[in-house]
Structures are given as C-alpha cells and as structure tokens.
Amino acid sequence: MKKIKSGITILLFIFSLSVFAQNSIEGIIKDAETEKPIPYVNIGIVKKDKGTVSTEEGKFEFEIPSKLMNDTIKLSSLGYQPKSMLAKEFAAILKESPIIKLVPVITELDEVVVTNKKLKEKIVGNKTKSKKMKGAFSYAVAGNEVGIKVKIKDSPTYIEKFHANVVSNTSEKVKFRMNFYNIKNGLPNQKIVKENIIFSINVKEGQFTLNLEEYDIVVEEDFYCTIELLENQKQEEEVFFSAGLLGNTMAYRYTSQGEWTKSSTVGIGFNCTVKY
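Residues numbered from 1 in each chain as written. Predicted model: local features only at pLDDT ≥ 70, side-chain atom pairs only at ≥ 80, totals over all residues. Heavy atoms only, no water.

Colleague: What is the right way to read the pattern of salt bridges from this model?
Modeller: Where charged atoms from two side chains of opposite charge approach closely, those side chains can pair. For the coordinates displayed, the defined rule picks out seven salt bridges. Ionic pairing is found between Glu56 and Lys175, a salt bridge with its closest N-O pair at 2.9 Å. With Glu56 in the loop between strand S5 (51-53) and strand S6 (59-65) and Lys175 in strand S14 (residues 175-184), this residue pair connects regions lying 119 residues apart in the sequence. For Glu56, a relative accessible area of 44% translates into the label partly exposed. Note that Glu160 and Lys275 form a salt bridge whose closest N and O atoms lie 3.8 Å from each other. With Glu160 in strand S13 (residues 157-169) and Lys275 in strand S24 (residues 270-275), this residue pair connects regions lying 115 residues apart in the sequence. Judged by relative accessible area, which is 26%, Lys275 ranks as partly exposed. (Salt bridge = Lys/Arg side-chain N within 4 Å of Asp/Glu carboxyl O. Helix = DSSP H or I, 4+ residues; strand = E, 2+ residues; numbered from the N terminus. Buried < 20%, exposed > 50% of the residue type's maximum accessible area, 1.4 Å probe, protein only.)

Written out as structure tokens, the structure is:
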C-alpha cells in the first residue's frame, strides 16, 4: 500500500532497479503454421515477477536476472499450446534465432444450451464507488493483472457485462485484456474464455462498462474476473479504480506467469451483470 495526497491507493505497481546482473532478451513469437506474429502472448518466469506480454506485432523484450536463469520460463496464449523451458535454454535459442513459434490447437466449442426459462438479471461483485480508496495501474509494466473473485447463485450463469468505477484515468490509448478464470486453492487458475477480449478504457471518471454478450461466456461455478495490462507506451499513464474494505476477495500479480497474491480485506471495485 502507498499513501498519496489523499485517501489510500492499493496496487501501485512500481518496480525498482535490480542490483543483480541482467540478461536482456528479445524476439518475436509466430504461429508455427501460418508464420504470422501472435499478439499479446504471456511470457515470464513461472511464479516470479519477471515477464512481459508480446506486442500486437508479436514482439517482446525483457530482462532476466542471472540468478533466475535456471528457473522455468513459460509462454502461453489462447488458442496455442503453451511452451515451457529453462530460462537459460530460452536465451540460448534466441541467440540463434529471434523467432519463437507456438503450435495452434483446435478449441472445441461449448455446447449451446437452449432454454425457455426466464432468466434473472443481477449485478455481482464489488459495487463500491469510493474515491478515497482506490486501486491503480500506475507506472505499470505489461502483464500486471488485478481482479476479484465472483460468487454465482445458480448454474449456468451467463456473463453479459463488466463494470468498474473509474476515479481518474490518463490511459485512453492503453490496451487491456479482460480475463476470466476458474479457481484453484482460492486463486485464479485456468482461463475459461476462448478468445482474447481486448479493450481500452475511454472513461475519464465514472462508470466504465464493457459489453461481453458477443463472447458467450458461461460459468457453472465461482470465478475470477480480472483486467490485465497489455500495452503502456507511456509509463506515466495510469488508471485508478474505486476500491473498498471487506469486499469480494481480490487477487493480483505483477507480471505474466507471476505468482498470484490475494487479499480478503481490500477489494477493487469490479462487478459483472449476469443472468441465471
């Protein structure tokens, strides 16, 4: 936590320079079949705060401390087989060629359930609109992610809209990804969406709503709803959301493939319109 001029700010993601030796790596990720670049691939040291997200053109670069070269690096993207190897092996491959290829997988479509049952609509999650307590993507790096655990009342539940109350925003051109996860050991586990949901937040102050109906997101149990930072060309750009005490459990991680941390005392003000 970090106090600013007034109120309380949570999740102010600022990284200090490491005193350890760094190994700078860069490359481009492509589809193994089409040779086309793959945008927004998560790349990082598993359960460490070192990683990034590939750009829209599939390019990436970041630094790996020498002390982590024997740790596992993982690349993952919706629609592709994940790839894992030791960081030193990854660095060696990139020295030979800057191109890393991922193999596409065929995603099976979920069965469509047709019912004549009249569905109930409800808003679930943290509904706070506080301006004194707030959570932020501030001076953040690609891969920063934060969200809340959402409890559902009945199964199946259809997720139609995502909402967040924006306290202040200078990040109109910054790109984010909306993620939904199932839960394991109280933390986000595997993504339950079939495609990337990319968006920008064009609201300076007040409620931001993202319509999700076209994605046909159906859940049968409690889930995590998160926002992930993808691109931040100017690191001084930031967005602050309302937050509150004793809301839904919040989880966050500093970068791609990093370890999740949860808080049950402070929650970011995210919520969803659902039907069940």
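Here the narrative resumes, following the displayed structure.
Colleague: Hey, could you run me through unusual backbone geometry in this one?
Modeller: Trans peptide bonds make up the majority, and among non-glycine residues the majority have a negative phi. The omega angle of the peptide bond from Ser155 to Pro156 is 0°, so this bond is cis rather than trans. With respect to the helices and strands, Pro156 occurs in the loop between strand S12 (145-150) and S13. Unusually for a residue other than glycine, Lys47 sits at a positive phi of about 65°. Look at Lys47 and you get exposed, because its relative accessible area is 55%. Phi is positive for Asp216, close to 50°, though the residue is something other than glycine.

Colleague: Sorry, what's going on with a positive patch on the surface here?
Modeller: A surface patch of like charges, here positive, comprises Lys120, Lys122, Lys127 and Lys153. For Lys127, the location among the structural elements is in the loop between strand S10 (121-125) and strand S11 (133-138). (Patch = residues over 30% accessible without salt bridge, like charges linked within 9 Å, V, L, I, M, F, W, Y side chains within 5 Å. Areas by Shrake-Rupley, 256 points an atom, 1.4 Å probe, with all protein chains shown as cover. Lys, Arg positive; Asp, Glu negative; His and termini not counted. Charge placed at Lys NZ, Arg CZ, Asp CG, Glu CD.)

Colleague: Teacher, can you tell me more about the packing of aromatic side chains here?
Modeller: Two aromatic rings are characterised by how far apart their centres lie and by the angle between their planes. For the coordinates displayed, the defined rule picks out nine aromatic pairs. Relative to Trp260, the ring of Tyr181 has its centre 5.7 Å away and its plane inclined at 75°; by these criteria the two rings are edge-to-face. Taken together, the residues span a long stretch of sequence, with Tyr181 in strand S14 and Trp260 in the loop between strand S21 (250-253) and strand S22 (261-263) at a distance of 79 residues. For the pair shown, Tyr181 and Trp260 are each scored as buried. Seen from their ring centres, Tyr252 and Tyr254 are 6.0 Å apart, and the 75° between their planes marks the pair as edge-to-face. The exposure class assigned to Tyr254 is partly exposed, which follows from its relative accessible area of 30%. Across from the ring centre of Phe240, 5.1 Å away, lies the NZ or CZ of Lys134, which sits over that ring. (Phe/Tyr/Trp six-rings, centres within 6.5 Å; stacked < 30°, edge-to-face > 60°. Lys NZ or Arg CZ within 6 Å of the ring centre and 35° of its normal.)

Colleague: It is not clear to me how the sheet that holds S6 should be interpreted in this structure. Could you clarify?
Modeller: Within a beta sheet, neighbouring strands are joined by backbone hydrogen bonds and run either parallel or antiparallel to one another. Judged by pairing direction, the sheet is mixed, and its three strands sit side by side in the order S6-S3-S9 without closing on themselves. The sheet is open, and its two edges are formed by S6 and strand S9 (99-102), each paired on a single side. Along the sheet, successive strands turn relative to each other by an average axial angle of 40°, direction set aside. Bridge analysis of strand S3 (residues 22-31) against S9 gives four bridges, and the strand direction is parallel. Bridge pairing links Asp31 to Leu102 in S9. Lying over the sheet, helix H1 (residues 87-96) contacts S3, S6 and S9, oriented at roughly 70° with respect to S3. (Pairing = 2+ DSSP bridges. Axes fitted to C-alpha atoms, helices over the stretch in contact; angles between N-to-C directions. Contact = heavy atoms within 4.5 Å.)

Colleague: For this particular structure, what's the right way to read H1?
Modeller: Since the α-helix advances by 3.6 residues per turn, residues separated by three or four positions end up pointing in the same direction. All of the buried residues in H1 are Ala87, Phe90, Ala91 and Leu94. With its buried residues spanning 95° around the axis, H1 presents them on a single face. Turned more than 90 degrees from where H1 packs its buried face, Lys95 and Glu96 sit exposed. (Arc of directions from axis to C-beta.)

Colleague: Can you walk me through the environment of Gln207 in this structure?
Modeller: Structurally, Gln207 can be placed in strand S17 (residues 206-211). Given the relative accessible area of 47%, Gln207 is considered partly exposed. Not counting residues within four places of it along the chain, the set of residues in contact with Gln207 comprises His163, Ala164 and Asn165. At 3.3 Å, the side chain of Gln207 forms a polar contact with the side chain of Thr209. (Polar contact = N/O pair within 3.5 Å; in protein donor to acceptor, adjacent residues only side chain to side chain.)

Colleague: Whenever I open this one, the side chain of Asn165 confuses me. Can you help?
Modeller: With respect to the element layout, Asn165 can be found in strand S13. There is a polar contact of 2.9 Å between the side chain of Asn165 and the side chain of Ser242. With near-sequence residues (within four places) excluded, Asn165 lies in contact with Thr128, Lys129, Gly206, Gln207, Phe240, Phe241, Ser242 and Gly269.

Colleague: I would appreciate a short explanation of the nonpolar core in the present structure.
Modeller: When a protein is soluble and globular, its nonpolar side chains tend to lie buried together. If you look at the biggest cluster of nonpolar residues, it comprises 38 residues, and the most contacted ones within it are Phe162, Met178, Phe180 and Phe241. Ile25, Ile64, Leu75 and Phe90 belong to the second-largest nonpolar core, a separate cluster that totals 21 residues. (Core = buried A, V, L, I, M, F, W, Y, C linked by side-chain atoms within 4.5 Å.)

Colleague: Can you help me understand the state of the cysteines in this one?
Modeller: Two cysteines form a disulfide when their sulfur atoms are joined by a covalent bond. In the structure shown here, the tally under the stated rule is zero disulfides. Here Cys225 stays unpaired: no disulfide links it, and the sulfur of Cys272, its closest cysteine neighbor, is 3.9 Å away. (Disulfide = S-S within 2.5 Å.)

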